[in-house]
Amino acid sequence: DFFTQFIHAINFTGDILFFTIMLPIIYWLFSKRVGIILSLSMFVSLFTNVMLKDIFQVLRPFQAFDISATVDQHGYSFPSGHSQHSFVFWITLSLFLRNSWFWLISIVMLILVGFARMYSGVHYPLDVLGGWLIALILVTLFFYIHKQNI
């Protein structure tokens, strides 16, 4: 149905493949500097997420309970990588663009990705909130480091 396809599309916007497509586009068509900073930020986010998942080792809802996931997902649940990486991507872009409409789009995307991950049965609300919190810390660090190097 349409809603399930919509959820799958939203899930894709938090997937590594989405960022693998978007980062070169940003680098070549928007700004090399923003593309490099965003790529480094995404790499650190990915590394941090994998490390934290291995530390916490929280089973996903479909693994812990008798429910089915609507997407194929493996590995541990906490923190939500899709939520974390989406936050890093959209908020970092928003900080560079400084456009109120883009901020609004970014916040809507974050909420949609978080909801899609829970609806799909692959994350708990705490996973999504944890991903956002870790991303907030990372983006704050990236922004501080960037400002120091200007």
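As a further point, take the packing of helix α5 (residues 81–97) against helix α6 (residues 100–119). Put simply, α5 and α6 touch, their axes get as near as 9 Å, and they point 180 degrees apart. With respect to each other, α5 and α6 are oriented roughly antiparallel. Taken together, the residues of α6 that come into contact with α5 (itself represented by H82, S83, S86, F87, W90, I91, L93, S94, L95 and L97) are F102, W103, S106, M109, L110, V113, G114 and R117. By residue class, the composition of the contact of α5 with α6 is eleven nonpolar, six polar and one charged.

The next subject is the environment of F102. Structurally, F102 can be placed in helix α6. Through-space distance from the C-alpha of F102 to that of F2 is 26 Å; in sequence the pair is 100 residues apart. Apart from the residues within four sequence positions on either side, F102 is in contact with W90, L93, S94 and L97.

A separate point is the side chain of H82. Positionally, H82 belongs in helix α5. Given the relative accessible area of 10%, H82 is considered buried. Among the polar contacts listed, one links the side chain of H82 to the side chain of R117, at a separation of 3.4 Å. Discounting residues that sit within four places of it in the chain, H82 has contacts with N11, G14, D15, Q73, V113 and R117.

Geometrically, a pair of aromatic rings is defined through the distance of the ring centres and the angle of the planes. On inspection of all chains with the given rule, the structure shows 13 aromatic pairs. For the ring pair F2 and F6, a centre distance of 6.3 Å and an interplane angle of 20 degrees mean the geometry is stacked. Of this pair, F2 and F6 both sit in helix α1 (residues 2–12), four residues apart, which is roughly one turn of that helix. Looking at F6, the relative accessible area reads 31%, which means it is partly exposed.

Attention shifts here to unusual backbone geometry. For the bond from F78 to P79, the omega torsion is -5 degrees, close enough to zero to count as cis. Tracing the sequence through the fold places P79 in the loop between α4 (61–64) and α5. A positive phi is found at Q57, a non-glycine position, where the angle reads about 50 degrees. Residue position: Q57 is located in the loop between α3 (32–56) and α4. Despite not being glycine, R98 has its phi angle at roughly 50 degrees, a positive value. Looking at the secondary structure, you find R98 in the loop between α5 and α6. Assessed through its relative accessible area of 64%, R98 is described here as exposed.

Contact geometry of α3 with α5 gives a least axis separation of 10 Å together with a crossing angle of 155 degrees. Overall, the two elements α3 and α5 adopt an arrangement that is roughly antiparallel. The way α3 lies across α5 gives a crossing that is right-handed. Contacts between α3 and α5 pair R33, V34, I37, L38, S41, M42, S45, L46, T48, N49 and K53 from the former with G81, Q84, H85, V88, F89, T92, L93 and F96 from the latter. Taken together, the residues of the contact of α3 with α5 break down into nine nonpolar, eight polar and two charged.

On the surface, F2, F3, F6, F115, M118 and Y119 cluster together into a nonpolar patch covering about 590 Å² of accessible area. Looking at the nonpolar patch, the elements with two or more residues in it are α1 and α6.

Reading the values: rules and limits
Residues numbered from 1 in each chain as written. Predicted model: local features only at pLDDT ≥ 70, side-chain atom pairs only at ≥ 80, totals over all residues. Heavy atoms only, no water. Axes fitted to C-alpha atoms, helices over the stretch in contact; angles between N-to-C directions. Helix = DSSP H or I, 4+ residues; strand = E, 2+ residues; numbered from the N terminus. Parallel < 35°, antiparallel > 145°, perpendicular 65-115°, else oblique. Contact = heavy atoms within 4.5 Å. Nonpolar A, V, L, I, M, F, W, Y, C, P; charged D, E, K, R; others polar. Buried < 20%, exposed > 50% of the residue type's maximum accessible area, 1.4 Å probe, protein only. Polar contact = N/O pair within 3.5 Å; in protein donor to acceptor, adjacent residues only side chain to side chain. Phe/Tyr/Trp six-rings, centres within 6.5 Å; stacked < 30°, edge-to-face > 60°. Left-handed = near helix turned anticlockwise from the far one by under 90°. Patch = residues over 30% accessible without salt bridge, like charges linked within 9 Å, V, L, I, M, F, W, Y side chains within 5 Å. Areas by Shrake-Rupley, 256 points an atom, 1.4 Å probe, with all protein chains shown as cover. Salt bridge = Lys/Arg side-chain N within 4 Å of Asp/Glu carboxyl O.

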